[in-house]
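# Fold and geometry: a report
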Amino acid sequence: MADNVILVGFMGAGKSSVGRLLARRLGRCLVETDDMITGREGRSIPEIFAAEGEAYFRAAEDAALGLLARKHGEVIATGGGLPCREGRPEALRALGTVVWLSGDFGALYRRALRAGERPMLAGRSRDDVLALYRAREPFYRQADLTVDTTSLGTDQVAAHVLAALRSRERQRA
Ligand code: S3P
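Described below are features of the structure shown in this document.

Rules and cut-offs
Residues numbered from 1 in each chain as written. Predicted model: local features only at pLDDT ≥ 70, side-chain atom pairs only at ≥ 80, totals over all residues. Heavy atoms only, no water. Buried < 20%, exposed > 50% of the residue type's maximum accessible area, 1.4 Å probe, protein only. Helix = DSSP H or I, 4+ residues; strand = E, 2+ residues; numbered from the N terminus. Pairing = 2+ DSSP bridges. Near = heavy atom within 4 Å. Polar contact = N/O pair within 3.5 Å; in protein donor to acceptor, adjacent residues only side chain to side chain. Areas by Shrake-Rupley, 256 points an atom, 1.4 Å probe, with all protein chains shown as cover. Nonpolar A, V, L, I, M, F, W, Y, C, P; charged D, E, K, R; others polar.

## Some details on the pairing of strand β1 (residues 4-8)
The two faces of a sheet get side chains in turn, since along a regular strand they alternate between them. Of all 5 residues making up β1, 5 are buried, and the element is well covered by its neighbours. Side chains Asn 4, Ile 6 and Val 8 of β1 all project onto a buried face; the interleaved residues Val 5 and Leu 7 project onto the opposite face, where all are buried too. Bridge analysis of β1 against strand β4 (residues 96-102) gives 5 bridges, and the strand direction is parallel. Looking across to β4, one finds that Asn 4 is bridged to Gly 96. Relative to strand β3 (residues 75-77), β1 runs parallel, the two being bridged by 3 bridges. From the neighbouring strand, Val 5 faces β3, where its bridge partner is Val 75.

Now the structure itself:
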């Protein structure tokens, strides 16, 4: 049974840190698509973008998505762009329950800038990144559950996600 919990959302949403907490609380492993890619490539995401360009990275995301079909009962944190192509939301939902860690654009943008090197932010103005966010939102919106992370700490977000998962389980029982 494909019973993974899949976290999606824009850069700065806290997918990795919330994923770590959730995995611990649920007694599951955390799988990060970005780690699958950097592990396979033996180089960092900025290095991949610089040497090969974005299209290459997106193809690597495709390959990672293919491998996720083998995962069961894990917490999966996806890169911010992974769900944002035709067919991806459906492919992710086939793997388990998809949770969108949403938030006000301003809050996400501030966190993403703080959290270090992100090739999709490099050389882009705030307005450019806002346009990217708006283009991506319809894809994130196709998640099974949404938790608004604006003004919440990691612990609180993880607690909200757990509550939303439990309430969904109760409804489906
Ligand atoms: C990307 C987000 C990053 C990483 C890559 C591309 C994006 O992951 O996959 O830099 O296109 O939004 P985070 O969402 O964890 O920052």
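## What about the site of the ligand?
Every one of the 13 residues lining the ligand counts as a neighbour, but Lys 15, Asp 34, Arg 58, Arg 118 and Arg 136 are closest to it. Here an oxygen atom of the ligand and a side-chain polar atom of Lys 15 are 2.7 Å apart. Here an oxygen atom of the ligand and a backbone polar atom of Gly 81 are 3.4 Å apart. Against a free-state accessible area of 380 Å², the protein chains account for coverage of 94% of the ligand. Across the shell around the ligand, the residue classes tally to 5 nonpolar, 3 polar and 5 charged.

So yeah, pure geometry; function would need other evidence.
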